Amino acid sequence: MKTTEEALNEGFKKTEDGWVYSFGNGYELCFEPLLLDNQIYVALYQDQNLLTSKVVVKPGYIKKENES
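This structure is a prediction, so every number in the text was calculated from the model and none was measured.

Criteria and cut-off values
Residues numbered from 1 in each chain as written. Predicted model: local features only at pLDDT ≥ 70, side-chain atom pairs only at ≥ 80, totals over all residues. Heavy atoms only, no water. Salt bridge = Lys/Arg side-chain N within 4 Å of Asp/Glu carboxyl O. Helix = DSSP H or I, 4+ residues; strand = E, 2+ residues; numbered from the N terminus. Buried < 20%, exposed > 50% of the residue type's maximum accessible area, 1.4 Å probe, protein only. Core = buried A, V, L, I, M, F, W, Y, C linked by side-chain atoms within 4.5 Å. Contact = heavy atoms within 4.5 Å. Polar contact = N/O pair within 3.5 Å; in protein donor to acceptor, adjacent residues only side chain to side chain. pLDDT = per-residue confidence, 0-100. Phe/Tyr/Trp six-rings, centres within 6.5 Å; stacked < 30°, edge-to-face > 60°. Lys NZ or Arg CZ within 6 Å of the ring centre and 35° of its normal.

1. Points about the pattern of salt bridges
Applying the stated rule across the entire model yields one salt bridge. Lys54 is the partner of Glu32 in a salt bridge, and the nearest nitrogen-oxygen pair spans 3.0 Å. You can see Glu32 sitting in strand β3 (residues 27-33) and its partner Lys54 sitting in the loop between β5 (49-50) and β6 (55-57), a full 22 residues away along the chain. Its relative accessible area of 34% is what places Lys54 among the partly exposed residues.

Here is the structure:
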């Protein structure tokens, strides 16, 4: 099973603010990490303008430090 971060790294571009998927006409779907409880914001932008409210999600699988 892949971790949330591994899955995002496969389909999205990693940036210093999180992960971004860019598509037609300046749209970007962004996953932006929060500092608490391993949660992530999901946000939709067009030309760097936020189009919707950010939605908070909690990833399902997080690799623990002692896992290989």
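2. Overview of the nonpolar core
Counting six residues, the largest nonpolar core consists of Leu8, Phe12, Trp19, Phe31, Ile40 and Val42. Ignoring any residue separated from it by four or fewer positions in sequence, one finds Val42 in contact with Leu29, Cys30, Phe31, Ser53, Lys54, Val55 and Val57.

3. Quick look at the environment of Glu32
Of the residues examined, Glu32 reaches a relative accessible area of 14% and is grouped as buried. C-alpha separation for the pair Glu32 and Val42, spaced ten residues apart in sequence, amounts to 6.5 Å. Other than its neighbours up to four places away in sequence, Glu32 contacts Asp17, Ile40, Tyr41, Ala43, Tyr45 and Lys54. Only 3.1 Å separates the side chain of Glu32 from the side chain of Tyr45, close enough to count as a polar contact.

4. Some thoughts on the confidence of the model for the protein
Per-residue pLDDT for the protein averages 84, and the proportion of residues at 70 or more is 85%. Model confidence for the protein, summarised as mean pLDDT per element, is weakest for helix α1 (residues 4-11) at 84 and strongest for β5 at 94.

5. Digging into the packing of aromatic side chains
Here the distance between the centres and the angle between the planes together describe a pair of aromatic rings. Overall, the coordinates contain four aromatic pairs when judged by the stated rule. Residues Phe12 and Phe31 carry aromatic rings whose centres are separated by 5.2 Å and whose planes lie at 85° to one another, so their mutual orientation is edge-to-face. Placement of the pair is Phe12 in the loop between α1 and β1 (13-15) and Phe31 in strand β3, with a sequence separation of 19 residues. Taking the relative accessible area as the measure of exposure, Phe31 reaches 17% and is therefore buried. Following the ring pairs from residue to residue traces out a cluster consisting of Phe12, Tyr21, Phe23, Tyr27 and Phe31. Its guanidinium or amino end placed over the ring of Trp19, Lys14 lies 4.2 Å from that ring's centre, counting from NZ or CZ. Note that Lys54 overlies the ring of Tyr41, its terminal NZ or CZ placed 5.2 Å from the centroid.

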